[in-house]
Amino acid sequence: MVAMIAANDLVKAFPASRRMRDVLRGHRPVLRAVNGVSLEVAAGRALGIVGESGCGKTTTARLLLRLEEATSGTVLFEGQNVSALRGAALLPFRSRVQLVFQNPFDAMNPRFTIRRSLTEPLRNFGLAPEEWEARIREAMARVRLDPPEAYLDRHPHELSGGQLQRVVLARALVTHPRAIIADEPVSMLDVSVRAGVLNVLRRARDELQLAAIYISHDLALIRYVCEDVAVMYLGRIVESGPTAEVIAAPAHPYTRALVAAVPVPRVDQDRGDLPIKGGLPDQMNQPSGCAFRDRCPAAFARCAEEAPPLRTIAPGRHAACHLA
Amino acid sequence: MDALLSVRDLAVHYRTAVGPVRAVDGASFDVPARSIVGLVGESGCGKSTLGRALMGVMPRSASIAAGSAVFEGRDLVTLSPAERRKLLWRRMAFVPQTAMNALDPVQRLGAQMLEVLVERGGLSRAAAGARAAELFALVGLDAGRLRDWPHQFSGGMRQRASIALALALNPALLIADEPVTALDVIVQRQVLDVMRELQSRLGLSMILVTHDVAVVAYACDRVVVMYAGRVVESGPVRAVLEAPLHPYTMGLMNAFPDLERAGGELVPIEGSPPSLLHPPAGCRFAARCPFVSSRCTEDPVLVEQSADHHVACWRAAEAPALRPLASEATTWSNIAKDATWSR
Ligand SMILES: Nc1ncnc2c1ncn2[C@@H]1O[C@H](COP(=O)(O)OP(=O)(O)OP(=O)(O)O)[C@@H](O)[C@H]1O
Ligand SMILES: Nc1ncnc2c1ncn2[C@@H]1O[C@H](COP(=O)(O)OP(=O)(O)OP(=O)(O)O)[C@@H](O)[C@H]1O
Ligand code: SF4
Ligand code: SF4
Ligand SMILES: [Mg+2]
Ligand SMILES: [Mg+2]
């Protein structure tokens, strides 16, 4: 089966803040925010990308959406290489792969009614005007905002955060995309309304057989919406596989620390020390060999010399650790 | 009970052009000595307002409209501003919601610490220097980093530094407003561990403001649940989180994705909290409550339902029977259909 959306060895290097000394010596230091990421998502599946702040999640999403030019590597959509598409040639891809932003209040034009915000993508998509109303109603029903009339003529400030995030989702769904990429879609929402938005995301994915990618640093949330997960550390995927298996038996020491750190809403929980040391290293001065070495409780001599490649450790499971 | 702080019927209002916003409207709870109390509730329910009112650092438009807050035997509400200032930082200290971003970007951290210690604490510069190093060590930061600028600190380190600043003068009570909300899970856990460790080592009490029940379960001894300016439930964490008595608390627990609880639909609490400009009469949760009854048009009072477990709900006695119903999504979605909350 062909993946709906796939990435091959994506790299994004940003020019790092340059010191005069480097400039004079002709150095051009770069920060590899994404450093060789490959992934694929089939129709009807959801992949979660987790990792600490700054590990390159958002940059990966922007590369997949072609909002950012990759330094190297390719993006495939329905088996076609879309990395070389420019300008108007990108438009069909753009309407097929939709982005859901983190903050619903930033994502919507405050002066537009909800109806206008939902119409705009249909117009850009070139759909005949007589079909707009039906599409809009369908999208509103999908995100469980009914009756639609109660919302369509309002402005963003007249909706609650949870309602507005559902409108953002309806806007993403209105063109009937094949894939959806959501960057921290509920982190700005209250716990009580998060659940509703997550349920809507999950149902829309099933009903439309979308390929979905959700970005979050919360594994509990990923567990709930994604059957597969990829764990990122300093621009690389260090572990991937079925979410339930990865959480039950993490293979990479970093994943183990992430799982142990997730707070659960129950009183009897393990308060043991986290199996990780310190914070993220300076991105410009990463350790030799395994990038996780200076924080890894299991590090040994070989880890300083050799970077562990991401390899298959069991059917469907991959990890980048000498011990996995 | 050996309470360090006893809050009773506290009301805090904001003056606005369209009338008073009753941000805190009759809050009662205790903070026992040497304990961490979690203050939870949805955005806008009055958590920060309550914290700031207790500290005496409110915007001009805010005022305490009623109630008392007895701290170490004295009512904070009736103290003169001069007397309050004497308590601030020395007996009670505060880490505001935006503390992490409030560090002065153009001043080294050490200089900022010194300023606080000299100005607030009247320490000599030499004594202040030694104390600053001590405080950094206390929150697990290397004293050498006092020479660093705030931008050289990660979010977690900045949050530790703001906690260190608040602890400068050995307060008995620390109020920390959303100290871990902006941090990712690993850093969040490290900061919570620092807070727990400080609590037991220094024997202080803390109020930890958060919207995350999992943070409360991990770090707190007691919990106070707020809804629309009121305390609706309070007690020891185990009692409240394992056997909630208020439908809102039940809802909060079920809305949360749990790493160890597989599959199933999450249960949202439909609707949103009422406006605090014109709070509804009767139970404020009624519009979203699946168990609303005719009695609920009357205001429920906060009562001690079982030992040390307080709740404000007319149907609290039926809680054991309501809990299984509250874990079903249909219980909550049915009320959403006929409710008129949609604004
Ligand atoms: N336009 C840019 N120029 C230079 N560096 C950048 C740029 N965008 C991102 N970076 C850097 O790339 C790294 C990865 O950033 P990214 O935003 O992808 O992380 P993230 O995993 O999404 O983090 P968060 O969880 O905080 O959103 C960071 O070190 C960031 O500072
Ligand atoms: N200066 C102000 N003037 C008028 N109303 C205010 C003011 N500050 C806060 N409010 C209102 O008071 C209520 C309580 O706000 P508060 O900041 O205490 O909530 P909170 O529980 O801390 O929320 P959050 O979780 O979003 O921080 C809200 O309805 C808010 O809109
Ligand atoms: S390769 Fe070595 S340092 Fe890296 S994660 Fe595995 S054990 Fe730890
Ligand atoms: S008093 Fe009535 S409306 Fe309020 S929480 Fe209890 S049952 Fe629900
Ligand atoms: Mg990001
Ligand atoms: Mg607040």
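Looking at an unreviewed UniProt entry, chain B carries the name ABC transporter ATP-binding protein, with the source organism given as Falsiroseomonas oleicola. In its Subcellular location (unreviewed entry) section, UniProt records this for chain B: "Cell inner membrane". A UniProt comment under Sequence similarities (unreviewed entry) is attached to chain B, and it reads "Belongs to the ABC transporter superfamily."

Identification of chain A as ABC transporter ATP-binding protein from Falsiroseomonas oleicola is taken from an unreviewed UniProt entry. According to UniProt, the comment filed for chain A under the heading Subcellular location (unreviewed entry) is "Cell membrane". UniProt annotates chain A under Sequence similarities (unreviewed entry) with the comment "Belongs to the ABC transporter superfamily."

Student: Could you give an account of the overall build of chain A, naming the residues involved and the relevant values?
Tutor: Counting its secondary structure elements, chain A contains 13 helices and 12 strands. In terms of overall size, chain A behaves like a compact globule, its C-alpha atoms giving a radius of gyration of 21 Å where 324 residues would be expected to give roughly 20 Å. By its C-alpha atoms, chain A is 65 × 55 × 45 Å across when sized along the principal axes. The buried share of chain A, taken over its 324 residues, is 54%. Nonlocal contacts in chain A, meaning residues at least 24 apart in sequence, comprise 64% of its contacts between residues at least 6 apart. Carbon and sulfur atoms make up 51% of the accessible area of chain A, which totals about 14,000 Å². Put simply, chain A has 41 plus and 34 minus side-chain charges, and the middle of one group is 4 Å from the middle of the other.

Student: Before we move on, could you go through the site of ligand 1 and cite the residues and values that matter?
Tutor: All names here are of chain A. What surrounds ligand 1 is the set Phe14, Leu31, Ala33, Glu52, Ser53, Gly54, Cys55, Gly56, Lys57, Thr58, Thr59 and Gln283. The contact in question runs from an oxygen atom of ligand 1 to an N or O atom on the backbone of glycine 56, over 3.0 Å. Between ligand 1 and the protein, one listed contact pairs an oxygen atom with a side-chain N or O atom of lysine 57 at 2.8 Å. Considered on its own, ligand 1 offers 630 Å² of accessible surface; in the complex 61% of this is hidden by protein. The dominant element in the shell around ligand 1, judged by the number of residues it contributes, is helix α2 (residues 57-64), at 3 residues. Residue composition of the shell around ligand 1, by class: 4 nonpolar, 6 polar and 2 charged.

Student: Can you tell me about unusual backbone geometry, naming the residues and giving the values?
Tutor: For glutamate 184 of chain A, which is not a glycine, the phi torsion comes out positive at approximately 50°. Positionally, glutamate 184 of chain A belongs in the loop between β7 (179-183) and α9 (191-208). On the basis of relative accessibility, which here comes to 13%, the residue glutamate 184 of chain A falls in the buried class. You will see that tryptophan 89 of chain B, though not glycine, has its phi angle at about 75°, which is positive. Within the secondary structure, tryptophan 89 of chain B is located in the loop between α2 (81-87) and β6 (92-95). The class of tryptophan 89 of chain B is buried, set by a relative accessible area of 18%.

Student: Describe in detail the coordination of the magnesium ion (ligand 6), supporting the description with residues and values.
Tutor: Taken together, Ser48 of chain B (OG) and Gln97 of chain B (OE1) make up the full set of protein donors to the magnesium ion (ligand 6), lying 2.0 to 2.4 Å away. On the criterion of sequence distance, the pair formed by serine 48 of chain B in helix α1 (residues 47-55) and glutamine 97 of chain B in the loop between β6 and α3 (99-102) is long-range, its members being 49 residues apart.

Student: An account of the packing of helix α8 (residues 161-173) of chain A against α9 of chain A is needed here, citing residue identities and associated values.
Tutor: All names here are of chain A. The N-to-C vectors of α8 and α9 enclose an angle of 15°; their axes lie 9 Å apart at closest approach. In terms of axis orientation, α8 runs roughly parallel to α9. For α8 against α9, the interelement crossing comes out right-handed. Residues Gly162, Gln165, Arg166, Leu169 and Leu173 of α8 pack against Val193, Val197, Val200, Leu201, Ala204 and Leu208 of α9. Broken down by class, the residue content of the contact of α8 with α9 amounts to 8 nonpolar, 2 polar and 1 charged.

Student: Could you give an account of helix α5 (residues 125-138) of chain B, naming the residues involved and the relevant values?
Tutor: Residues and elements named next belong to chain B. If you check α5, its first and last C-alpha atoms are 20 Å apart, about what 14 residues at 1.5 Å a residue would give, namely 20 Å. Buried within α5 are the following residues: Ala128, Arg131, Ala132, Leu135, Phe136 and Leu138. Summarising the axial view, the buried residues of α5 lie within an arc of 150°, below the 170-degree limit, and thus occupy one face. Looking at α5, the residues exposed on the side facing more than 90 degrees away from the buried face are Ala126 and Ala137. Those residues of α5 that are buried are in contact with α4 (109-121), α6 (155-166) and α7 (185-202). Just beyond α5, the residue with positive phi is glycine 140, at close to 80°.

Student: Give a description of the site of ligand 3 that names residues and reports values.
Tutor: The environment of ligand 3 is formed by 13 residues, the closest being Cys290, Cys296, Cys303, Cys321 and His322 of chain A. Looking at side-chain class alone, the shell around ligand 3 contains 10 nonpolar, 2 polar and 1 charged residues.

Student: Break down the confidence of the model for chain B for me, citing the residues and quoting the values.
Tutor: In low-pLDDT regions, the fine details of the predicted coordinates are not to be read closely. Residues and elements named next belong to chain B. Scored by pLDDT, chain B comes out at a mean of 89, with 96% of its residues at no less than 70. Here α3 stands out as the least confident element of chain B, with mean pLDDT 71; strand β12 (residues 309-311) is the most confident, with 98. This stretch, residues 338-343, has a pLDDT under 50; its non-local contacts, to residues over four places away or in other chains, come to 10 contacts. Confidence metrics for the complex model read pTM 0.89 and ipTM 0.83.

Student: Please give an account of the interface of chain A and chain B that cites residues and values.
Tutor: With 47 residues of chain A at the contact, the number on the chain B side is 43 residues. Approximately 4,000 Å² of surface area, both sides summed, lies buried where chain A meets chain B, with 56% of it carried by carbon and sulfur atoms. Here chain A and chain B share 0 salt bridges between them. Between chain A and chain B we count 5 residue pairs in polar contact (both at pLDDT 80 or more) in total. When residues of the side of chain A that touches chain B are assigned to their parent elements, the largest contribution, 10 residues, is made by α9 of chain A. Taken together, the residues of the side of chain A that touches chain B break down into 23 nonpolar, 10 polar and 14 charged.

Student: Could you give an account of the side chain of glutamate 68 of chain A, naming the residues involved and the relevant values?
Tutor: Residue and element names in this part refer to chain A. Mapped onto the elements, glutamate 68 comes out in the loop between α2 and β4 (72-77). Within the local environment of glutamate 68, its side chain forms a polar contact with the side chain of arginine 62, the two groups lying 3.1 Å apart. Each residue touching glutamate 68, except ones within four places of it in the same chain, is listed here: Lys12, Phe14, Arg62 and Leu63.

Student: Go over the sheet that holds strand β1 (residues 5-15) of chain A, please, and point to the residues and values.
Tutor: All names here are of chain A. Taken together, the 4 strands give an open sheet; going across it, the order is β2-β1-β4-β5, and neighbouring strands pair in antiparallel fashion. In this open sheet, the two edge strands, each paired with only one partner strand, are β2 (30-41) and β5 (80-81). Sheet topology places β4 next to β5; 2 bridges connect them, and they run antiparallel. Along β5, the bridge assignment pairs phenylalanine 77 with glutamine 80.

Student: Before we move on, could you go through the environment of glycine 51 of chain B and cite the residues and values that matter?
Tutor: All names here are of chain B. Secondary-structure assignment places glycine 51 in helix α1. Residues glycine 51 and cysteine 283, spaced 232 residues apart in sequence, show a C-alpha to C-alpha distance of 23 Å. Leaving out residues up to four positions away in the same chain, glycine 51 has contacts with Phe94 and Ile175.

About the cut-offs
- Residues numbered from 1 in each chain as written.
- Chains lettered and ligands numbered in written order.
- Predicted model: local features only at pLDDT ≥ 70, side-chain atom pairs only at ≥ 80, totals over all residues.
- Heavy atoms only, no water.
- UniProt positions renumbered as here; feature names shortened; annotations may be inferred.
- Helix = DSSP H or I, 4+ residues; strand = E, 2+ residues; numbered from the N terminus.
- Rg over C-alpha atoms; globule rule 2.2 N^0.38 Å.
- Buried < 20%, exposed > 50% of the residue type's maximum accessible area, 1.4 Å probe, protein only.
- Contact = heavy atoms within 4.5 Å.
- Areas by Shrake-Rupley, 256 points an atom, 1.4 Å probe, with all protein chains shown as cover.
- Lys, Arg positive; Asp, Glu negative; His and termini not counted.
- Charge placed at Lys NZ, Arg CZ, Asp CG, Glu CD.
- Near = heavy atom within 4 Å.
- Polar contact = N/O pair within 3.5 Å; in protein donor to acceptor, adjacent residues only side chain to side chain.
- Nonpolar A, V, L, I, M, F, W, Y, C, P; charged D, E, K, R; others polar.
- Donors = N, O, S within 2.8 Å, 3.2 Å for Na, K, Ca; no water.
- Axes fitted to C-alpha atoms, helices over the stretch in contact; angles between N-to-C directions.
- Parallel < 35°, antiparallel > 145°, perpendicular 65-115°, else oblique.
- Left-handed = near helix turned anticlockwise from the far one by under 90°.
- Expected span 1.5 Å × (residues − 1).
- Arc of directions from axis to C-beta.
- pLDDT = per-residue confidence, 0-100.
- Buried area = accessible area lost by both parts, 1.4 Å probe.
- Salt bridge = Lys/Arg side-chain N within 4 Å of Asp/Glu carboxyl O.
- Pairing = 2+ DSSP bridges.

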